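# Structural characterization, general
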Amino acid sequence: MHRLKKTVDMTEGPFLKKMIMFAIPLVISGILQCFYNAADLIIVGHYRGDIAVGAVGSTGAITNLTVGLFMGLSVGAGVAVAQKIGAGDHDGVSKVVHTAILTSVFTGIAVGIFGFFMAKPLLVLMGTQEEILVEAAPYMRAYFVGIPACMVYNYAASMLRSKGDSKNPLIFLTLSGLANVFLNLIFVSVFHMGAIGVGIATAVAQYIAMTMVLYHMANLDDDCKLIFSKLAIDKPALKKMMRIGLPAGLQATFFSLSNALIQSTVNTYPTVVQTGNTTAGNIEGFVYISMNACYHAALTFVGQNTGAKKYDRVLRASLISLGLVTVVGLGMSTLIYLNGAALIG
């Protein structure tokens, strides 16, 4: 087994500069993702109107609720890898990597099948209006076709970040996002496919991102190297992932459940209200995703130092992370509040 190469050594030296430099690609990744989501709405709204925008927006709460629990396990995978790295457990890192990738494949397929066949019943349960349901159900089915790839990408990206590599996931997201926008334009403006065109473009982009991240991991020369013949479920590694990831997943599920209840109420209003809610929620996502980048930075720094048993550094990393997330949240919220009308326009 090759010696693990840390892109950023988080167990030695000062924190603030390292954490900021590590978090910047994460923030950019999140902002790019929000831009791509905004591009979905802009394109489908320009070519297909309010109903198509409402169709795309009406599914968000359901998809987040459906995948949130299992996506939380990706947090468990990332933290488990970070702790093994900090402890210098090279064999343990490899076992977590291969267990996590296989777990993501199984859960992704299961969630994808469930969402594909339950799309329309769930939207009806949410009180989605018939005129929106016509476009929302096909969009949601197309979206769930991409869930297996989305799951694999997020697990892999989480583990790459755990060894200090936040740049390559940014590159993969950028390229797949550009493909998403290009395909949106083709499917919606050329083939006039409406919301389902956006869904298909999103699914294809997810598989592009998954292919790139798996190819990258297969060509690593350290303990995070992915060897397909070694894919297997290691019970201790899975147990550790679940112990850390399930609480994170349950937290995401409860958060999504509250959003689903809000969305079900919004669905009782006219289409223009649903469109406005979708647009505002998309802008709010810029703040949430940027703050979430600080959260992922904290997971990596705290995880490695916990594994190394440097608990004084764990406390310092936690306090610095709280400071960063506060600055990012207040700063971006203020900018959006002052420029809300222009951003919605």
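For the structure itself, look to the data block above.
Residues numbered from 1 in each chain as written. Predicted model: local features only at pLDDT ≥ 70, side-chain atom pairs only at ≥ 80, totals over all residues. Heavy atoms only, no water.

## A short note on the side chain of Asp-223
On the secondary structure map, Asp-223 appears in the loop between α8 (195–218) and α9 (235–266). We classify Asp-223 as buried; its relative accessible area is 0%. Of the polar contacts made by the side chain of Asp-223, one reaches the side chain of His-90; its length is 2.7 Å. (Helix = DSSP H or I, 4+ residues; strand = E, 2+ residues; numbered from the N terminus. Buried < 20%, exposed > 50% of the residue type's maximum accessible area, 1.4 Å probe, protein only. Polar contact = N/O pair within 3.5 Å; in protein donor to acceptor, adjacent residues only side chain to side chain.)

## A word on the packing of helix α5 (residues 130–145) against α8
Between two packed helices, the angle of one axis relative to the other and the distance separating the axes together describe the packing. Close contact between α5 and α8 brings their axes to 8 Å; oriented N to C, the two are set at 5°. One way to sum up the angle between α5 and α8 is to call them roughly parallel. On α8, the residues that touch Glu-135, Pro-138, Tyr-139, Ala-142, Tyr-143 and Val-145 of α5 are Ala-195, Ile-196, Val-198, Gly-199, Ile-200, Thr-202, Ala-203 and Tyr-207. Classifying every residue of the contact of α5 with α8 gives eleven nonpolar, two polar and one charged. (Axes fitted to C-alpha atoms, helices over the stretch in contact; angles between N-to-C directions. Parallel < 35°, antiparallel > 145°, perpendicular 65-115°, else oblique. Contact = heavy atoms within 4.5 Å. Nonpolar A, V, L, I, M, F, W, Y, C, P; charged D, E, K, R; others polar.)

## With respect to the nonpolar core
If you look at the biggest cluster of nonpolar residues, it comprises 62 residues, and the most contacted ones within it are Val-81, Met-159 and Met-217. The element best represented in this core is helix α6 (residues 147–162), accounting for eleven residues. Non-local contacts of Met-159, meaning those with residues more than four positions away in its chain, are made with Ala-77, Gly-78, Val-81, Val-96, Val-97, Ala-100, Ile-101 and Met-217. Grouped together as the second largest cluster of nonpolar side chains are 13 residues, Phe-22, Ala-293, Cys-294 and Ala-297 included. (Core = buried A, V, L, I, M, F, W, Y, C linked by side-chain atoms within 4.5 Å.)

## Things to note about the packing of aromatic side chains
Aromatic ring pairs are reported here in terms of the distance separating the ring centres and the angle at which the planes meet. Following the criterion strictly, the structure yields three aromatic pairs and no others. Between Phe-116 and Phe-117, the ring centres sit 5.2 Å apart and the planes meet at 80°, which makes this aromatic pair edge-to-face. A relative accessible area of 60% means that Phe-117 is categorised as exposed. With centroids separated by 6.3 Å and ring planes inclined at 40°, the aromatic side chains of Tyr-139 and Tyr-143 adopt a geometry described as tilted. Here Tyr-139 pairs with Tyr-143, and both are found in helix α5, just four residues apart, close to one helical turn. (Phe/Tyr/Trp six-rings, centres within 6.5 Å; stacked < 30°, edge-to-face > 60°.)

## Comments concerning the pattern of salt bridges
Summed over all chains, the structure comprises three salt bridges. As a salt-bridge pair, Asp-91 and Lys-95 come within 3.3 Å of each other at their nearest N and O atoms. Here Lys-95 and Asp-91 lie together in helix α4 (residues 90–125), a separation of four residues that amounts to about one turn. Overall, Lys-95 belongs to the partly exposed group, its relative accessible area being 38%. Residue Lys-163 is joined to Asp-222 by a salt bridge in which the shortest nitrogen-to-oxygen separation is 3.3 Å. A residue pair is termed long-range when its members are at least 10 positions apart, and Lys-163 in the loop between α6 and α7 (167–190) and Asp-222 in the loop between α8 and α9 qualify at 59 residues. For Lys-163, a relative accessible area of 5% puts it in the buried group. Owing to a relative accessible area of 3%, Asp-222 belongs among the buried residues under this scheme. (Salt bridge = Lys/Arg side-chain N within 4 Å of Asp/Glu carboxyl O.)

## With respect to the packing of helix α3 (residues 60–87) against α4
It is the contact of α3 with α4, at a shortest axis distance of 9 Å, that shows an interaxial angle of 175°. Classified by the interaxial angle, the pair formed by α3 and α4 is roughly antiparallel. Along its contact with α3, which presents Ile-62, Thr-66, Val-67, Phe-70, Ala-77, Ala-80, Val-81, Lys-84 and Ile-85, the element α4 presents Gly-92, Val-93, Val-96, Val-97, Ala-100, Thr-107, Val-111, Phe-114, Leu-122 and Leu-123. Of the residues that constitute the contact of α3 with α4, the class distribution is 15 nonpolar, three polar and one charged.

## Points about α6
Compared with the 22 Å implied by 1.5 Å per residue over 16 residues, the 23 Å span of α6 between its first and last C-alpha is a close match. With 15 of 16 residues buried, α6 is to be regarded as a mostly interior element. Gly-164 sits one or two residues past α6 and shows a positive phi near 95°. (Expected span 1.5 Å × (residues − 1).)

## A short note on the environment of His-98
Here His-98 is to be found in helix α4. Here the alpha-carbon distance between His-98 and Ile-227, two residues 129 residues apart in the chain, equals 7.8 Å. Once you skip the residues sitting within four places of it in the chain, His-98 turns out to touch Lys-225, Leu-226, Ile-227, Lys-230, Leu-231 and Ala-232. Reaching out from His-98, the side chain makes a polar contact with the backbone nitrogen of Ile-227 at a distance of 3.0 Å.

## Section: unusual backbone geometry
Positive phi, close to 55°, is recorded for His-192, a residue that is not glycine. Along the chain, the position of His-192 falls in the loop between α7 and α8. Positive phi values are uncommon outside glycine, yet Lys-309 reaches one of about 60°. Note on placement: Lys-309 falls in the loop between α10 (271–307) and α11 (311–338).

## Quick word on a nonpolar patch on the surface
A cluster of nonpolar side chains, namely Ile-109, Ile-113, Phe-114, Phe-116, Phe-117, Met-118, Val-145 and Tyr-207, defines an oily patch on the protein surface of about 720 Å² accessible area. The element that contributes the greatest number of residues to the nonpolar patch is α4, accounting for six residues. Note that Phe-117 resides in helix α4. (Patch = residues over 30% accessible without salt bridge, like charges linked within 9 Å, V, L, I, M, F, W, Y side chains within 5 Å. Areas by Shrake-Rupley, 256 points an atom, 1.4 Å probe, with all protein chains shown as cover.)

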